Amino acid sequence: MLDIRFVRENPEAVQENARKKGYDVDIARILERDAEKRALLQQVDELRERRNANASKMQGGKPDQATIDEGRAIKAELVEKETALNVVDTEFLTLLKKVPNMAAEDVPVGASEDENIVAKTVGTPTTFDFEPRNHADIANERGWLDKERAAKVAGSRFAYIKGDLVRLQLAIVQFVINALSDETVLAGIAINANVAVSLKPFTPVLPPLMIRTELYDAMDRLEPQDERYKLENDDLWLQGSAEHVLGSMHANEIFEESDLPVRYLGYATSFRREAGTYGKDMEGILRMHQFDKLEMESFATKETGMNEHLFFVAIQEYLLTQLEVPYRVIQKCTADIGKPNARGIDMEAWLPGQQQYRETHTADYMTDYQARRLNTRVRRESGELELIHTNDATAFALGRAMIAIIENGQNADGTIRVPVALRPYLGGKEVI
RNA sequence: GGAGGGGUCGCAUAGUGGUUUAGUGCACCGGUCUUGAAAACCGGAGUGGGGCAACUCACCGAGAGUUCGAAUCUCUCCCCCUCCGCCA
């Protein structure tokens, strides 16, 4: 949620920003409700002051009838004003929550994802001296995938992942945890990307996979609800990304500035209903209802939040490079970065089986937009309290990472080249 | 699932209807004293909203209710702890 004071002071900019991001909001109406709310609040405060004064006349003794009558009269008026205030405030908050975060200055303006910009391309599409196949063919042939039985048990878009593919996933997990725990590796990434940033290692986390409605909404990730799995008997949802449960982890808490940045590397199974994607990407494991993901999350100050974002992007590039996958970096336009985002970057990996780049990573910078409703703050060294800035970014969505490794590393005989960085975690094997 | 005990301004606690706009201790900040420090003493200090300001309102897990008046009474819910049951 945006700061209402910011909205009051910059109504045109906020309105224009919403338009560029494709959100239909009426800033003038919000400001009207804001003014009404403040007028009512003053009246309510004044009535409460009178109520308190009237009641405190009676300290230590029984009230006389005149005082009781006076108190009743005040209460009647107070109830009326409070009810009105409640109505206005509810509408005000509902409207304010719909206003998207301000896009950073360098976010390209665009009406749809078609206007995203390819910021750079690293590596070249992998070439083969045979006809490359897609990961589904290879994985089926190797006995790594069983979607038929998964469909029997759980329905479409589920899979049994088996054998060496499981070993590959766990190797990636180990590799990433080790890399992001290593200050030397982080230093190399920061220097290479020319980003001034703390080298504090990430703490690996296995988070809860469920989240309460209140916190999901505060994260601004509950919508679209069609995309979420709801647990009917509880006030709980299955998270759609470790971001949801890592970002909400410190709700209603205060960090000390000296402890920042706080960086987590979450490993979690994520759940998505994939509503409206019927028939799309049905082959293999590109788009599943359930997938495992390594996700970075950090809490930083307003001064360091943007560099933290750039660092996350640099880490993503490092990880893709280590896995020997050609990729390109997409700077998402205003229509595509998402409501709580100030900035958003995607990585797209080259998939020879599809002969195209497909999204494997996202990096999101939310400034203080999430923190405002999460009430996650930092006590600055000056003693001042202010809202934290949040960042999240994919380290690897394991399914898509393995697709990239399989398709780019495939040999004519159906074996797969193991990226050098992963070999220590696969018993030194060069192929699987 | 059953029984019981709890949730108060960073931490620990006091507070069962009216000098509680929440007291005290620790920690914290400023000062006095001291060569310096400690101790002692004096003073300050929570979070959020409204207001140019004086000031004022809200917040004692959350929400609703009773009352002239609620941290305190009632109801619903959440969380934590102990024990029992069940269970990976």
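Colleague: An account of the overall build of chain A is needed here, citing residue identities and associated values.
Modeller: Along the backbone of chain A there are 13 helices and 16 strands. In chain A, which comprises 432 residues, the proportion classed as buried is 49%. Of the accessible surface of chain A, which amounts to about 20600 Å², a share of 49% is contributed by carbon and sulfur atoms. For chain A, the distance from the average site of its 54 positive side-chain charges to the average site of its 71 negative ones is 3 Å.

Colleague: Lay out the sheet that holds strand β7 (residues 236–238) with the relevant residues and their values.
Modeller: An order of β5-β7-β6 is seen for the three strands of this open sheet, with the pairing classed as antiparallel. The two strands at the open ends of the sheet, each matched to only one other strand, are β5 (210–212) and β6 (229–231). For this sheet the average axis-to-axis angle between neighbouring strands, irrespective of direction, equals 35°. Bridging between β5 and β7 involves three bridges; their strand directions are antiparallel. From the neighbouring strand, R212 faces β7, where its bridge partner is L236.

Colleague: Please provide a residue-by-residue account of the packing of helix α3 (residues 27–56) against helix α4 (residues 65–97), values included.
Modeller: Running from amino to carboxyl end, α3 crosses α4 at an angle of 155°, the nearest separation of the two axes being 8 Å. Judged on the interaxial angle alone, α4 and α3 are roughly antiparallel. In terms of crossing hand, the pair formed by α3 and α4 is left-handed. In terms of residue class, the contact of α3 with α4 is built from 13 nonpolar, four polar and 14 charged.

Colleague: Describe the sheet that holds strand β8 (residues 254–256), and please don't skip the residues or the numbers.
Modeller: Spatially, three strands are ordered β8-β14-β15 in an open sheet, and the strand pairing comes out mixed. Of all strands in the sheet, those bounded by a partner on one side alone are β8 and β15 (385–387). For this sheet the average axis-to-axis angle between neighbouring strands, irrespective of direction, equals 35°. Relative to β15, strand β14 (residues 377–379) is paired through three bridges, and the arrangement is antiparallel. Considered in β15, the bridge of V378 is made with E386.

Colleague: Describe the packing of helix α7 (residues 164–180) against helix α11 (residues 305–322), and please don't skip the residues or the numbers.
Modeller: Here α7 crosses α11 at 135°, and the two axes come no closer than 12 Å. If you check the angle between α7 and α11, you find them oblique. When you trace α7 past α11, the crossing you get is right-handed. Every residue of α11 that contacts α7 at F175, V176, A179 and L180 is listed here: I315, Y318, L319 and Q322.

Colleague: Account for the packing of aromatic side chains, with residues named and values stated.
Modeller: Each aromatic ring pair is characterised by the separation of its centres together with the angle its planes make. On inspection of all chains with the given rule, the structure shows six aromatic pairs. Ring geometry for F202 versus F312: centroids 5.7 Å apart, planes at 40°, classification tilted. Linking F202 in the loop between α8 (183–193) and β4 (203–205) with F312 in helix α11, this pair joins segments that are 110 residues apart in sequence. Taking the centre distance of 5.1 Å and the plane angle of 70° together, the rings of W350 and Y357 count as edge-to-face.

Colleague: Please set out α7 residue by residue, giving values where relevant.
Modeller: In an α-helix there are 3.6 residues to a turn, and that puts residues three or four apart on one side. Helix length check: α7, at 17 residues, gives a terminal C-alpha distance of 24 Å against a target of 24 Å (1.5 Å per residue), a fit within 8%. Considered for burial, the residues of α7 that qualify are D164, L165, L168, Q169, A171, I172, V173, F175, V176, A179 and L180.

Colleague: Describe in detail the domain arrangement of chain A, supporting the description with residues and values.
Modeller: Accessible area lost during the coming together of the parts is what is often quoted as the interface size. Each assigned domain of chain A is listed here: domain 1 (4–97) and domain 2 (113–426). The gap between the C-alpha centroids of domain 1 and domain 2 is 42 Å. Contact with domain 1, which involves four residues of that partner, is made by ten residues of domain 2. Its largest share of buried area at the contact with domain 2, domain 1 owes to K21, Y23 and K97, together 83% of the area lost on that side. Between the two partners, domain 1 and domain 2, sit one salt bridge.

Colleague: Tell me about the nonpolar core, and name the residues and values.
Modeller: Among the nonpolar cores identified, the biggest contains 58 residues, and L168, I172, V176, M296, I315 and F396 are the most heavily contacted of them. Counting 15 residues, the second largest nonpolar core, distinct from the first, contains M1, V25, L95 and V99.

Colleague: Which residues make up the side chain of H244, and what values do they have?
Modeller: In this structure, H244 sits in helix α10 (residues 242–247). Among the residues examined, H244 registers a relative accessible area of 3% and is labelled buried. One polar contact links the side chain of H244 to the main-chain amide nitrogen of G240, over a distance of 3.1 Å.

Colleague: Can you explain unusual backbone geometry? Please cite residues and give values.
Modeller: The linkage connecting E223 with the following residue, P224, adopts the cis geometry, with an omega of -5°. Mapped onto the elements, P224 comes out in the loop between α9 (213–218) and β6. Between L260 and P261 the backbone carries a cis peptide bond, its omega angle lying at -5°. Relative to the helices and strands, P261 is located in the loop between β8 and β9 (262–271). Even without a glycine there, the phi angle at E324 is positive, about 60°. On the secondary structure map, E324 appears in the loop between α11 and β11 (327–331). Judged by its relative accessible area of 33%, E324 is partly exposed. Notably, Q355 is not glycine yet its phi reads approximately 55°, a positive angle.

Cut-off values and rules
- Residues numbered from 1 in each chain as written.
- Chains lettered and ligands numbered in written order.
- Predicted model: local features only at pLDDT ≥ 70, side-chain atom pairs only at ≥ 80, totals over all residues.
- Heavy atoms only, no water.
- Helix = DSSP H or I, 4+ residues; strand = E, 2+ residues; numbered from the N terminus.
- Buried < 20%, exposed > 50% of the residue type's maximum accessible area, 1.4 Å probe, protein only.
- Areas by Shrake-Rupley, 256 points an atom, 1.4 Å probe, with all protein chains shown as cover.
- Lys, Arg positive; Asp, Glu negative; His and termini not counted.
- Charge placed at Lys NZ, Arg CZ, Asp CG, Glu CD.
- Pairing = 2+ DSSP bridges.
- Axes fitted to C-alpha atoms, helices over the stretch in contact; angles between N-to-C directions.
- Parallel < 35°, antiparallel > 145°, perpendicular 65-115°, else oblique.
- Left-handed = near helix turned anticlockwise from the far one by under 90°.
- Nonpolar A, V, L, I, M, F, W, Y, C, P; charged D, E, K, R; others polar.
- Contact = heavy atoms within 4.5 Å.
- Phe/Tyr/Trp six-rings, centres within 6.5 Å; stacked < 30°, edge-to-face > 60°.
- Expected span 1.5 Å × (residues − 1).
- Domains from an automatic or database assignment.
- Buried area = accessible area lost by both parts, 1.4 Å probe.
- Salt bridge = Lys/Arg side-chain N within 4 Å of Asp/Glu carboxyl O.
- Core = buried A, V, L, I, M, F, W, Y, C linked by side-chain atoms within 4.5 Å.
- Polar contact = N/O pair within 3.5 Å; in protein donor to acceptor, adjacent residues only side chain to side chain.

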